Amino acid sequence: MEKIRIQGMTCQHCVMAVTKALGKIPGLEKVKVDLAKGEATFANTQNVSRAAVRQAVEEAGYTVAD
Ligand SMILES: [Cu+2]
């Protein structure tokens, strides 16, 4: 599993939005977003680049923290 830190999530709607954004990326599976920790974990089955993951999160309106 890979883990990213996400900034800007404040409620379950944010969690849903990020979960949906990541879930749309082919090759990302088992997406789980943790609001309290500000983290998303997922199985990256197709070597999706960090940049692509970051872009999806940012398009949903949130920020990936390195
Ligand atoms: Cu929210």
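A quick note: this is a predicted structure, and the numbers were derived from the prediction, not measured.

> Sorry, what's going on with the overall build of the protein here?
Helix and strand counts for the protein stand at two helices and four strands. Scanning the protein from its N terminus toward the C terminus, one meets helices and strands in the order β-α-β-β-α-β. For 66 residues, the compact-globule estimate of 2.2 N^0.38 gives 11 Å, and the protein sits close to it at 10 Å. Expressed as a percentage of the 66 residues in the protein, the buried residues total 20%.

> Please explain helix α1 (residues 12–23) as it appears in this structure.
What sets the pattern is the α-helix's 3.6 residues per turn: residues three or four places apart point alike. Between the first and last C-alpha of α1 there are 16 Å, a value that for 12 residues agrees with the 16 Å anticipated at 1.5 Å per step. When α1 is considered as a whole, its buried residues turn out to be V18, A21 and L22. Looking straight down α1, one finds that the buried residues subtend no more than 95° of arc, so they occupy a single side. Facing away from the buried side of α1, by more than 90 degrees, are the exposed residues Q12 and H13. On the buried face of α1, the contacting elements are β1 (2–7), β2 (28–34), β3 (39–44) and α2 (50–59).

> In this structure, what is going on with the nonpolar core? I would like to understand it.
A general trend in soluble globular proteins is that nonpolar side chains are found buried together. The biggest cluster of nonpolar side chains holds 13 residues, and the ones touching the most others in it are I6, V18, L22, A40 and V57. Elements represented by at least two residues in this core include exactly α1, β2, β3 and α2. Setting aside chain neighbours within four positions, we find V18 in contact with I6, M9, V33, A40, V57, A60 and Y62.

> Hey, could you run me through the sheet that holds β2 in this one?
Read from one edge to the other, the open sheet built from four strands follows the order β2-β3-β1-β4, with strand pairing classed as antiparallel. Here the strands that pair on one side only, and so sit at the sheet edges, are β2 and β4 (63–65). In this sheet, adjacent strand axes meet at a mean angle of 35° when their direction is disregarded. The sheet contact formed by β2 and β3 spans five bridges and is antiparallel.

> In this structure, what is going on with unusual backbone geometry? I would like to understand it.
Negative phi characterises most residues that are not glycine, and trans characterises most peptide bonds. With phi around 50°, K30 is a residue other than glycine that occupies positive phi space. Tracing the sequence through the fold places K30 in strand β2. Given 11 C-beta atoms within 10 Å, K30 falls into the exposed group. Located in the positive-phi region is N47, a residue other than glycine, with phi close to 55°. Look at N47 and you get exposed, because 6 C-beta atoms sit within 10 Å.

So, how was this worked out
Residues numbered from 1 in each chain as written. Predicted model: local features only at pLDDT ≥ 70, side-chain atom pairs only at ≥ 80, totals over all residues. Helix = DSSP H or I, 4+ residues; strand = E, 2+ residues; numbered from the N terminus. Rg over C-alpha atoms; globule rule 2.2 N^0.38 Å. Buried ≥ 20, exposed ≤ 12 C-beta atoms within 10 Å, placed from the backbone. Expected span 1.5 Å × (residues − 1). Arc of directions from axis to C-beta. Contact = placed C-beta atoms within 7 Å. Core = buried A, V, L, I, M, F, W, Y, C linked by C-beta atoms within 7 Å. Pairing = 2+ DSSP bridges. Axes fitted to C-alpha atoms, helices over the stretch in contact; angles between N-to-C directions.

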